[in-house]
Amino acid sequence: MAADERDYNLTEEQKAIKAKYPPLNKKYEYLDHTADVQLHAWGDTLEEAFEQCVMAMFGYMTDTETVEPVDTVEVEAEGHDMLSLLFHFLDEWLYKFSANEFFIPREVKVLYIDRMQFKIRSIGWGEEFSLPKHPQGTEVKAITYSAMQICEDEKPEVFVIIDI
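Here the structure is a predicted model, which means the values were calculated and not measured. (Residues numbered from 1 in each chain as written. Predicted model: local features only at pLDDT ≥ 70, side-chain atom pairs only at ≥ 80, totals over all residues. Heavy atoms only, no water.)

**Looking at the pattern of salt bridges**
Between side chains of opposite charge, a pair can form as their charged atoms come close. This model, assessed by the stated rule, comprises 14 salt bridges. Note that Glu-12 is salt-bridged to Lys-15, the shortest N-O span being 3.6 Å. With a gap of three residues between them, Glu-12 and Lys-15 both fall in helix α1 (residues 12–20), about one helical turn apart. For Glu-12, a relative accessible area of 59% puts it in the exposed group. Accessibility expressed as a relative area gives 43% for Lys-15, which makes it partly exposed. Across the pair Lys-133 and Glu-68 runs a salt bridge whose closest N-O atoms are separated by 2.7 Å. Here the residue Lys-133 occupies a position in the loop between β5 (119–128) and β6 (142–143), and Glu-68 occupies one in the loop between α2 (46–61) and β3 (71–78), the gap between them amounting to 65 residues. The same class applies to Lys-133 as to Glu-68, namely buried. (Salt bridge = Lys/Arg side-chain N within 4 Å of Asp/Glu carboxyl O. Helix = DSSP H or I, 4+ residues; strand = E, 2+ residues; numbered from the N terminus. Buried < 20%, exposed > 50% of the residue type's maximum accessible area, 1.4 Å probe, protein only.)

Now the structure itself:
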């Protein structure tokens, strides 16, 4: 299912917020998976593929185009290889939402990926999730390692299954 195919039945207020900003350039889709959802994200660089994967995760929770970029949050993560780096990166972003901050980004930018030390630093622009303002999608409970892939061929892409 393409990222823009989810129907959130937006309120007039949500449509108005969406209309204030240019549409997001979504380079991700949702693939069917038994009881879970597989995120497939891509970009011109590995950094962009990671950014798009975070946005795919949040896009499953709400229409991210209704989010206003009023606050910034930085997220850093590290792993012992590239797969664990991707896992911890997504998990740290999910933590920013789940643990009393309820931060939801409109946009995420990866500032750097250290492929030798397996560290990543990113920044997100968004705001606190609010039900009257943001349509409710499906809660993401956890990131999984199941069938996780990072492909850096012609077009960098990542595949991640999230537990919903």
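**Digging into the layout of surface pockets**
Quantified by volume, the largest pocket comes out at close to 210 Å³. Forming the walls of the largest pocket are 13 residues, and the residues nearest its centre are Leu-24, Asn-25, Gln-52, Glu-107 and Val-108. When residues of the lining of the largest pocket are traced back to their parent elements, those giving at least two are α2 and β4 (103–114). Split by residue class, the lining of the largest pocket holds five nonpolar, two polar and six charged. (1 Å grid on protein atoms, 1.4 Å probe; cavity = no way out; pocket = protein on both sides within 12 Å on 5 of 7 lines; lining within 4 Å. Points joined across faces, edges and corners; volume = space filled by probe spheres on them. Nonpolar A, V, L, I, M, F, W, Y, C, P; charged D, E, K, R; others polar.)

In short, shape yes, function no, at least from these values alone.
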